[in-house]
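Breakdown of the fold
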Amino acid sequence: IRTPMNAILGFTEVLRRKGQQSPEEAAKHLDIIHSSGRHLLNLINDLLDLGKIEAGRMELEDQHFRLDEVLAQVGDLYRLRAREKGLAFLLEVAPEVPRNVRGDAGRLRQILNNLLSNAFKFTAVGGVKLNVSAAVGGWSAEHPTLNHAPAVVAFEVTDTGIGIPTEKQKLI
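So, how was this worked out
Per chain, residues are indexed from 1 in the order of the written sequence. The model is predicted, so local features are restricted to residues of pLDDT at least 70 and side-chain atom pairs to those at 80 or more, both for listing and for counting; the totals for chains, interfaces and linings are taken over all residues. As a rule here, side-chain values come from all non-hydrogen atoms in the structure, and water together with hydrogens is ignored. In DSSP terms, a helix is any run of H or I states spanning at least four residues, a strand is any run of E spanning at least two, and both are numbered starting from the N terminus. One less than the residue count of a helix, multiplied by 1.5 Å, gives the span that helix is expected to have. Each residue is placed in one exposure class: buried if its accessible area under a 1.4 Å probe, protein chains only, is under 20% of its type's maximum, exposed if it is over 50%, and partly exposed if it falls in between. Whenever two N or O atoms come within 3.5 Å, that pair is a polar contact, provided that in protein one can donate a hydrogen and the other can accept it, and provided that, for residues adjacent in sequence, both atoms are side-chain atoms. A pairing counts as a salt bridge when a side-chain nitrogen of Lys or Arg comes within 4 Å of a carboxyl oxygen of Asp or Glu. Throughout this description, the term nonpolar core refers to a set of buried Ala, Val, Leu, Ile, Met, Phe, Trp, Tyr and Cys residues connected via side-chain atoms within 4.5 Å. Residue contacts are counted whenever heavy atoms from the two residues lie within 4.5 Å of one another. pLDDT gives the predictor's per-residue confidence on a scale running from 0 to 100. Aromatic pairing here means that ring centres of Phe, Tyr or Trp (its six-membered ring) are within 6.5 Å. Orientation follows from the plane angle: under 30 degrees is stacked, over 60 is edge-to-face, and everything else is tilted. Lines fitted to C-alpha atoms define the axes, with helix axes restricted to the stretch in contact, and inter-axis angles between N-to-C directions lie between 0 and 180 degrees. By the definition adopted for this analysis, an angle is roughly parallel if under 35 degrees, roughly antiparallel if over 145, roughly perpendicular if from 65 to 115, and oblique otherwise. Less than a right angle of anticlockwise turn of the near helix away from the far helix marks a crossing as left-handed, whereas a clockwise turn marks it as right-handed. All amino acids are sorted into three groups, where Ala, Val, Leu, Ile, Met, Phe, Trp, Tyr, Cys and Pro are nonpolar, Asp, Glu, Lys and Arg are charged, and the leftover types, Gly among them, are polar. Asp and Glu are treated as the negative residues and Lys and Arg as the positive ones, with His and the ends of the chain left uncounted.

Remarks on helix α4 (residues 105–121)
- Between its terminal C-alpha atoms α4 stretches 24 Å, which fits the 24 Å expected from 17 residues at 1.5 Å a residue.
- Here α4 has its buried residues at A105, L108, Q110, L112, N113, L116, S117, A119 and F120.
- Of the residues flanking the start of α4, the one acting as N-cap is D104, its side-chain oxygen 3.2 Å from the backbone nitrogen of G106.

Dropping the structure here:
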């Protein structure tokens, strides 16, 4: 929580003190403030969700949403983060991945943000990759409105960071 809050306060102070900066420089500072604000909001939401999980009150949405739009939003955010850190970011979506899916878009976004945020946190050189693939299953009578067979969408985050020690992998 301190890291994004320090960025927000620090760059806000820079903007307040430097009234005569170029529009490009001001825009860069505002982008950092905005990105840090979003990151802080995600952290707060994670804390609130943890409380819901512990209380047994977590509920998932079950609605149609555009997966390609969620991936585009996540991709935009992490391309900016990659640029800030001097890292590469690659988002690969297999052609068989459906554009329209059913589930909880907010939770998916939250999970992807958590995974990617951790990948960037522990990667100093190289880059981070999000790979999205799908395995088409059989037809389901539960979803007769779908134009095609249901798909299981898989998300894989890889990075060139320090990795997770073997003894800690069991905890995950």
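So, next bit.
A word on the pattern of salt bridges
- One pass over the full model with this rule turns up nine salt bridges.
- Residues R17 and E13 are paired through a salt bridge, measuring 3.4 Å at the closest nitrogen-oxygen approach. Placement of the pair is R17 and E13 together in helix α1 (residues 2–17), with a separation of four residues, close to one helical turn.
- Judged by relative accessible area, E13 falls into the partly exposed class, the value being 31%.
- Notably, a salt bridge pairs D68 with R99, separated by 3.3 Å at the nearest N-O pair. In this pair, D68 is assigned in helix α3 (residues 67–85) and R99 in the loop between β2 (88–93) and β3 (100–103), connecting sequence segments 31 residues apart.
- You can call D68 partly exposed: its relative accessible area is 27%.

Quick notes on the nonpolar core
- Ranked by size, the top nonpolar core spans 23 residues in total, and within it F65, L67, Y78, F89, L116, F120 and L130 carry the most contacts.
- Among the elements of the structure, α3, α4 and β4 (127–136) are those that each provide at least two residues to this core.
- Not counting residues within four places of it along the chain, the set of residues in contact with Y78 comprises F89, N113, L116, S117 and F120.

Thoughts on the confidence of the model for the chain
- Scored by pLDDT, the chain has a mean of 85; 90% of the residues are at 70 or more.
- pLDDT under 50 marks residues 143–147. Its contacts with residues more than four places away, or in other chains, come to five contacts.

What to know about the packing of aromatic side chains
- In this structure the tally under the stated criterion is three aromatic pairs.
- Ring plane angle 45° and centroid distance 6.4 Å describe the contact between Y78 and F89, whose orientation is recorded as tilted. You can see Y78 sitting in helix α3 and its partner F89 sitting in strand β2, a full eleven residues away along the chain. F89 carries the same exposure label as Y78, and that label is buried.
- When the ring of F89 is compared with that of F120, the centres are 6.0 Å apart and the planes differ by 45°; the resulting orientation is tilted. You can see F89 sitting in strand β2 and its partner F120 sitting in helix α4, a full 31 residues away along the chain.

Here's the deal with the packing of helix α2 (residues 23–54) against α3
- Viewed as axis vectors pointing N to C, α2 and α3 meet at an angle of 120°, and their least axial separation amounts to 11 Å. Classified by the angle their axes make, α2 and α3 are oblique. In the packing of α2 onto α3, the handedness of the crossing is left-handed. In contact with D31, I32, S35 and H39 of α2, α3 contributes L77, L80, R81 and E84.
- Among the residues forming the contact of α2 with α3, the class breakdown is three nonpolar, two polar and three charged.

Considering the side chain of D104
- By secondary structure assignment, the location of D104 is in the loop between β3 and α4.
- Among buried charged residues, D104 stands out as having no salt bridge; its nearest opposite-charge side chain is R107, 4.1 Å away.
- A polar atom in the side chain of D104 sits 2.8 Å from the backbone nitrogen of E61.
- A polar contact is formed between the side chain of D104 and the backbone nitrogen of R107, at a distance of 3.0 Å.

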